[in-house]
Amino acid sequence: MYYDPKKCGRRIKELRNLHQLTQNQLSERLNISLSMMSKLEQGTKSISVDLAIEVSEYFHVSLDYLLLGKGMRTDELQKKLLQAEALIRDVATLI
């Protein structure tokens with residue numbers, strides 16, 4: 001598996017849309033220009049290591065997910081963990 005700036009850009013856009021942010025809002029929060037934000041999402045500009053870390057921390061996703069698309073987003077993992085905890089509580093009430 002390798003880094004593909006276009007796929008990484010699609011994941012950034014997906015995360016931004018999931019959090020109901022505009023490109024302008026996200027670019028301001030990341031302290032980058034709107035032009036840079038647009039280029040990142042289009043995949044015409046590669047993301048720097050520092051910015052990748054900042055984006056992954058902001059959206060609570062792993063760098064593996066952001067850069068390579070490997071694994072699940074951490075918000076998906078958190079949801080599954082909460083579901084498992086609820087199931088354990090339900091089973092415990094039956095015992």
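Everything here concerns the structure above.
Residues numbered from 1 in each chain as written. Predicted model: local features only at pLDDT ≥ 70, side-chain atom pairs only at ≥ 80, totals over all residues. Heavy atoms only, no water.

1. What to know about the packing of helix α2 (residues 23–30) against helix α4 (residues 49–59)
Pairs of packed helices are described in terms of their axes, by the angle between the two and the distance that separates them.
Inference 1: The geometry of α2 relative to α4 is characterised by a closest axis approach of 11 Å and an angle of 115° between their N-to-C directions. Taken together, α2 and α4 sit at an angle that is classed as roughly perpendicular. Note on packing geometry: the crossing formed by α2 with α4 is right-handed. Residues Leu26, Arg29 and Leu30 of α2 pack against Leu51, Glu54, Val55, Tyr58 and Phe59 of α4.
Inference 2: Of the residues assigned to the contact of α2 with α4, the class counts are six nonpolar, no polar and two charged. (Axes fitted to C-alpha atoms, helices over the stretch in contact; angles between N-to-C directions. Helix = DSSP H or I, 4+ residues; strand = E, 2+ residues; numbered from the N terminus. Parallel < 35°, antiparallel > 145°, perpendicular 65-115°, else oblique. Left-handed = near helix turned anticlockwise from the far one by under 90°. Contact = heavy atoms within 4.5 Å. Nonpolar A, V, L, I, M, F, W, Y, C, P; charged D, E, K, R; others polar.)

2. Observations concerning the side chain of Arg11
Inference 1: Inspection of the secondary structure puts Arg11 in helix α1 (residues 5–18).
Inference 2: No salt bridge is formed by the buried Arg11; its nearest oppositely charged neighbour, Asp4, is found at 7.4 Å.
Inference 3: Within the structure, the side chain of Arg11 is placed 2.8 Å from the backbone oxygen of Tyr65, a separation counted as a polar contact.
Inference 4: Here Leu67 takes part through its backbone oxygen, which lies 3.0 Å from a polar atom of the side chain of Arg11.
Inference 5: The contacts of Arg11, once residues within four sequence positions are left out, are Tyr65, Leu66, Leu67, Leu68 and Gly69. (Buried < 20%, exposed > 50% of the residue type's maximum accessible area, 1.4 Å probe, protein only. Lys, Arg positive; Asp, Glu negative; His and termini not counted. Salt bridge = Lys/Arg side-chain N within 4 Å of Asp/Glu carboxyl O. Polar contact = N/O pair within 3.5 Å; in protein donor to acceptor, adjacent residues only side chain to side chain.)

3. Focus: the nonpolar core
Inference 1: The biggest cluster of nonpolar side chains holds 16 residues, and the ones touching the most others in it are Ile12, Leu26, Ile47, Val55, Phe59 and Leu66.
Inference 2: Listing elements by their share of this core, those giving two or more residues are α1, α2, α3 (34–42), α4 and α5 (63–68).
Inference 3: Per-element tally for this core: the top contributor is α4, with four residues.
Inference 4: Beyond its immediate stretch of four places on either side in the chain, Leu26 contacts Ile12, Arg16, Leu21, Met37, Tyr58 and Phe59. (Core = buried A, V, L, I, M, F, W, Y, C linked by side-chain atoms within 4.5 Å.)

4. Topic: the environment of Leu34
Inference 1: For Leu34, the position within the fold is in helix α3.
Inference 2: The exposure class assigned to Leu34 is partly exposed, which follows from its relative accessible area of 42%.
Inference 3: Here the alpha-carbon distance between Leu34 and Ala92, two residues 58 residues apart in the chain, equals 51 Å.
Inference 4: Every residue in contact with Leu34, bar those within four places of it in the chain, is listed here: Gln23, Asn24 and Ser27.

5. Quick look at the packing of α2 against α3
Inference 1: The interhelical angle for the contact between α2 and α3, taken along N-to-C directions, is 110°, at an axis separation of 9 Å. Comparing the axis directions of α2 and α3 gives the class roughly perpendicular. Of α3, the residues touching α2 (which contributes Gln23, Asn24, Leu26, Ser27 and Leu30) are Leu34, Met37, Ser38 and Glu41.

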